[in-house]
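Overview (structure and organization)
Below are the chains, spelled out letter by letter.
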Amino acid sequence: MTFIVTVDVALFTLQDNRLSVGLIRRPKEPFLGTWALPGGYIHPQEDANAHHAAARILQQKTGVISPYLEEFGTVSGGGRDPRGWSLSVIYFALVPPSVLVGGVVLFPVDTLPPLSFDHADIITQVVARIRSKASYSSLPMHLCAEEFTIPELHGVYQSIMGVPLAMAGFRRKLDDLDAIEAITGAIRPTGKSRPAQLYRIKPEFEKVLSVRERGF
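Because the structure is predicted, anything quoted here is derived from the model rather than measured.

Attention now moves to the overall build of the chain. Scanning the chain from N- to C-terminus turns up four helices and nine strands. Sequence-ordered secondary structure for the chain, helices as α and strands as β, is β-β-β-β-α-β-β-β-α-α-α-β-β. Computed over its C-alpha atoms, the radius of gyration of the chain comes to 19 Å, within 12% of the 17 Å expected for a compact globule of 216 residues. With 216 residues in all, the chain has 48% of them scored as buried. Contacts spanning at least 24 positions in sequence make up 65% of the contacts within the chain whose residues lie at least 6 apart. As presented, the chain carries roughly 11,100 Å² of accessible surface, and 52% of it is formed by carbon and sulfur atoms. Across the chain, the mean location of the 22 positive side-chain charges is 4 Å away from that of the 21 negative side-chain charges.

Take a look at the structure:
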């Protein structure tokens with residue numbers, strides 16, 4: 001029996017204020033020409049672990065080096081891949097649109113095209129995880145540009161969670177998370193009487209999350 005071990009990466013960003021996932025065309029059989037998550041085999045001689053494999057595959061297939069890359073879990077079984085019994089370790093990455101270099105095509109997560117393997121189910125499960133974690137963590141901050149305003153961050157959280165968030169409460173919960181810092185002397189004109197202060201993710205949270213007990 002053929003046994004297949006791979007890594008697949010769900011790459012997310014915001015496009016037109018909608019959570020979107022990056023897909024590529026399958027370059028070979030099975031499912032030649034169909035849309036799929038970037039993925040590939042683990043190389044035991046090259047990859048120290050599955051996380052390294054995910055980072056390598058993401059860069060090779062999309063050109064993206066994502067600071068934030070999280071393991072979602074594994075999927076396995078005999079019906080996933082016509083080539084044999086397969087196990088795939090699933091990772092997800094969140095990046096601002098500015099880092100995408102054309103290696104993927106973006107699709108809103110709620111209007112996906114037909115996908116190969118079980119990738120549609122995987123995306124649905126990962127999106128549910130992202131929306132859940134967004135309610136109590138700094139996860140959506142990784143979809144922002146390197147520098148952002150509080151209103152821009154507020155909009156990102158609302159886009160991911162799909163619900164309106166009162167600005168006053170949002171600011172209080174940002175204080176609780178303590179995951180961002182003001183950039184000294186950095187402001188952005190807004191066309192209003194007062195320019196907006198620019199912020200960034202604190203270095204210690206660029207690859208990990210700040211989490212609070214109660215959600216937004």
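Let us now look at the pattern of salt bridges. Pairs may arise between side chains of opposite charge once their charged atoms sit close together. In this structure the tally under the stated criterion is ten salt bridges. With a shortest N-O distance of 2.9 Å, D110 and R18 are connected by a salt bridge. Here the residue D110 occupies a position in the loop between β7 (105-108) and α2 (119-134), and R18 occupies one in strand β2 (residues 18-25), the gap between them amounting to 92 residues. Of the charged contacts, one joins R80 and D118 as a salt bridge, the two residues approaching to 2.7 Å between their closest N and O atoms.

A few words now on the environment of A179. Relative to the elements of secondary structure, A179 occurs in the loop between α4 (167-177) and β8 (180-188). Along the primary structure A179 and E206 are separated by 27 residues, whereas in three dimensions their C-alpha atoms are 9.1 Å apart. In contact with A179, other than residues within four places in its own chain, are S138, M141, R200, I201, K202, F205 and S210.

This part covers the side chain of H154. Here H154 shows up in helix α3 (residues 150-161). Accessibility expressed as a relative area gives 10% for H154, which makes it buried. Ignoring any residue separated from it by four or fewer positions in sequence, one finds H154 in contact with L165, A166, M167 and F170.

On to the packing of aromatic side chains, then. Going through the model one piece at a time under the given rule, you end up with five aromatic pairs. Consider the rings of F31 and F117, whose centres lie 4.8 Å apart with planes at 75 degrees: the pair is edge-to-face. Of this pair, F31 sits in the loop between β2 and β3 (35-36) while F117 sits in the loop between β7 and α2; the two residues are 86 residues apart in sequence, bridging distant segments of the chain. With a relative accessible area of 33%, F31 lands in the partly exposed category. Residue F117 is classed as partly exposed on the basis of its relative accessible area, which comes to 21%.

This part takes up α2. With 16 residues, α2 should cover 22 Å at 1.5 Å per step; its first-to-last C-alpha distance of 22 Å lies within 8% of that length. Every buried residue of α2 is listed here: H119, I122, I123, V126, V127, I130, K133 and A134. The buried residues of α2 occupy one face: seen down the axis, they fall within an arc of 130 degrees. α2 presents D121 and T124 as exposed residues on the side facing more than 90 degrees away from its buried surface. Buried-residue contacts for α2 involve β1 (3-15), β2, β3, β5 (69-77), β6 (85-94) and α3.

Moving on, we come to the packing of α2 against α3. Taken N-terminus to C-terminus, the directions of α2 and α3 make an angle of 135 degrees; their axes are 9 Å apart at the nearest point. The angle between the axes of α2 and α3 places the two elements in the oblique class. α2 and α3 meet at a crossing whose hand is left-handed. Contacts between α2 and α3 pair I130, R131 and A134 from the former with Y157, I160 and M161 from the latter.

Let us now look at the nonpolar core. Looking at soluble globular proteins, one finds that nonpolar side chains tend to be buried together. Counting 44 residues, the largest nonpolar core has F12, F92, M141 and L153 as its most contacted members. Listed by contribution, the elements that provide at least two residues to this core are β1, β2, β5, β6, α2, α3, α4 and β9 (196-201). Filtering out sequence-adjacent residues up to four positions away, F92 remains in contact with A10, F12, Y68, L69, E70, F72, V126, R129, I130 and L139. Grouped together as the second largest cluster of nonpolar side chains are 15 residues, V7, A53, A54 and V104 included.

Rules of the game
Residues numbered from 1 in each chain as written. Predicted model: local features only at pLDDT ≥ 70, side-chain atom pairs only at ≥ 80, totals over all residues. Heavy atoms only, no water. Helix = DSSP H or I, 4+ residues; strand = E, 2+ residues; numbered from the N terminus. Rg over C-alpha atoms; globule rule 2.2 N^0.38 Å. Buried < 20%, exposed > 50% of the residue type's maximum accessible area, 1.4 Å probe, protein only. Contact = heavy atoms within 4.5 Å. Areas by Shrake-Rupley, 256 points an atom, 1.4 Å probe, with all protein chains shown as cover. Lys, Arg positive; Asp, Glu negative; His and termini not counted. Charge placed at Lys NZ, Arg CZ, Asp CG, Glu CD. Salt bridge = Lys/Arg side-chain N within 4 Å of Asp/Glu carboxyl O. Phe/Tyr/Trp six-rings, centres within 6.5 Å; stacked < 30°, edge-to-face > 60°. Expected span 1.5 Å × (residues − 1). Arc of directions from axis to C-beta. Axes fitted to C-alpha atoms, helices over the stretch in contact; angles between N-to-C directions. Parallel < 35°, antiparallel > 145°, perpendicular 65-115°, else oblique. Left-handed = near helix turned anticlockwise from the far one by under 90°. Core = buried A, V, L, I, M, F, W, Y, C linked by side-chain atoms within 4.5 Å.

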